[in-house]
Structures are given as structure tokens and as C-alpha cells.
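So you can see what is in the structure, the chains are spelled out below.
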Amino acid sequence: MVPRIDFEPSFIYDLVWKELLARTKSGKNYPSREEIFAYTRKMKVYWNKKKRGILEEMALVTHLKWRRTEIPCFVVGAPRFASFNAFSHPLTMHIQDYQENPELFLKRLIHELIHNLFIDNPDLWPEDYLDKKYGPESFDTKAHILVYALHVHIAEKCLNKKKNIVHTSEKHGYTRAWEIVKKEGYENIIREFVEYIEEKKKRSNS
Ligand SMILES: [Zn+2]
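Keep in mind the model is a prediction, meaning the values are calculated, not measured.

S.K.: I'd love a proper account of the packing of helix α7 (residues 139-158) against helix α9 (residues 186-205), names of residues and values included.
M.R.: It is the contact of α7 with α9, at a shortest axis distance of 9 Å, that shows an interaxial angle of 115°. The crossing of α7 and α9 is left-handed. Mapping the contact onto sequence places Ile 145, Leu 146, Ala 149, Leu 150, Val 152 and His 153 in α7 and Tyr 186, Ile 189, Ile 190 and Phe 193 in α9. Here the contact of α7 with α9 is composed, by residue class, of nine nonpolar, one polar and no charged.

Here it is, written out as C-alpha cells:
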């Protein structure tokens, strides 16, 4: 079972983003409700066209399970001005990525959905393993090594992509995570993770 992703605009969320935008005094206009509704529909159609097998494969390759049957994805009009444009929980996407490039939107959505799979399995998040193996690295780096490794796997397996798979943020912790994935190899990272959680599952059953 995989969750359905329910794309929906959020009027309240937009009020918050609108106020934040006004505080920047950038003079940028916030998109209209009609525009946000129209893009929400487009994102939904696009995701439904592309989603085939993605959520299933995420669970299969990690030996994790989706716990929710539905995940709301809030769509906001926030023009890019803050560091948190898309995030995982509550799952939130903004229309600008889609306007600029639907593929970029899909990359960001897959990234946030991978975080959601881990959010569904908090007891199996390998904090002790990551601390032991990547101790001196930052929190952002440790949180993204597995995310990027899985992202590469999904892009290759479900989207037939071998290039420009991952869109890393320019923040140091993220680029560092991507460096580690390139150096160690995404398959090795996933394999070690699966060994770790299988071991953990065994321990909790005994
Ligand atoms: Zn992330």
C-alpha cells in the first residue's frame, strides 16, 4: 500500500507567506488564488502522470513501509524569498518550481517524499548508525546522505534518468551529503542501511 498524495491549496498558509513576503519589502507580488488553484491542478496531473512505481519502489528498496494512506501536499504561492520553499512535514510545495520547470518540481517533491517515508518509520531512522559512521558531519549532511542515495536509485529505476538527478541546495550540509553519496556509491549506502534496519528489526522481535 502506498499513500495517495492530495494536492491542495491552503488559504491560511498563503496568508502567512504573504505577510512574510511583505516584510522583505522586495516589491514582489504574491500570486492570486486563481493562479494557485490552477497550478495545484497542474501539479496533480503531472504527479499522476509521473508517479508510477515511485512510492512502491521507495518502500521496497529500503524495506520500510508507508504508514499513511494519504499525505496532504499543501500548495502555496510563495515566490522564492525564504530558505524554506519546499518542505516535508507538513508536505508543502510552492508553485514557482513548477512554473519554472516541472522537472525541478518533481525532483523537489521526490526529495520531500523520501523524508516522508522516514517520517512514517521514526523507530527505524538510523540515528546511531549515522552518528557512528558520519559523526563529525553536520545534522543536514547526516539527514541527507540516505535521501540523496535513494533519490538516485528512484531516478534510475523509475524515471530512467542517469544525469542531473538530484538538485542539491547550495547550503554546505547538502552539498557535502551529495559528495559523500558520489564517493561511497548510492547502492552501497542503501545496502548498508537495509542491513542496519534488518538487524534492528530482528533485535526488536527477539
Ligand atoms: Zn531535505
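S.K.: I'd like a description of the nonpolar core, backed by residues and values.
M.R.: Formed by 44 residues in total, the largest nonpolar core has its most connected members in Met 43, Val 75, Tyr 148, Ala 149 and Val 181. The leading source of residues in this core is α7, at nine residues. Counting the residues that make up this core, at least three belong to each of domain 1 (4-119) and domain 2 (126-205). Beyond its immediate sequence surroundings of up to four residues, Val 181 is in contact with Ile 145, Tyr 148, Ala 149, Val 152, Tyr 186 and Ile 189.

S.K.: Describe in detail the domain arrangement of the chain, supporting the description with residues and values.
M.R.: What the domain assignment reports for the chain is domain 1 (4-119) and domain 2 (126-205). With centres defined by C-alpha atoms, the gap from domain 1 to domain 2 works out at 22 Å. Listed per partner, the contact involves 14 residues of domain 1 and 13 residues of domain 2. By residue number, the principal contributor to the side of domain 1 that touches domain 2 is helix α5 (residues 102-119), which donates seven residues.

S.K.: Tell me about the environment of Leu 150, and name the residues and values.
M.R.: Within the fold, Leu 150 resides in helix α7. Overall, the presence of 25 C-beta atoms within 10 Å leaves Leu 150 in the buried class. Measuring from C-alpha to C-alpha, the distance between Leu 150 and Ser 88 comes to 16 Å, with 62 residues separating the pair along the chain. In contact with Leu 150, not counting residues within four places along its chain, are Met 58, Thr 62, Ile 114 and Ile 190.

S.K.: A description of the sheet that holds strand β4 (residues 91-94) should follow, citing residues and the corresponding values.
M.R.: Judged by pairing direction, the sheet is mixed, and its four strands sit side by side in the order β1-β2-β4-β3 without closing on themselves. The strands lining the two open edges of the sheet, one partner per strand, are β1 (4-9) and β3 (87-88). Examined bridge by bridge, β1 and strand β2 (residues 70-76) share six bridges and lie parallel to one another. By the bridge assignment for β2, Phe 7 is matched with Cys 73. Each of β1, β2 and β4 is contacted by helix α2 (residues 33-50), which is oriented at about 165° to β1, the strand it contacts most.

Quick notes on the rules
- Residues numbered from 1 in each chain as written.
- Predicted model: local features only at pLDDT ≥ 70, side-chain atom pairs only at ≥ 80, totals over all residues.
- Axes fitted to C-alpha atoms, helices over the stretch in contact; angles between N-to-C directions.
- Helix = DSSP H or I, 4+ residues; strand = E, 2+ residues; numbered from the N terminus.
- Left-handed = near helix turned anticlockwise from the far one by under 90°.
- Contact = placed C-beta atoms within 7 Å.
- Nonpolar A, V, L, I, M, F, W, Y, C, P; charged D, E, K, R; others polar.
- Core = buried A, V, L, I, M, F, W, Y, C linked by C-beta atoms within 7 Å.
- Buried ≥ 20, exposed ≤ 12 C-beta atoms within 10 Å, placed from the backbone.
- Domains from an automatic or database assignment.
- Pairing = 2+ DSSP bridges.

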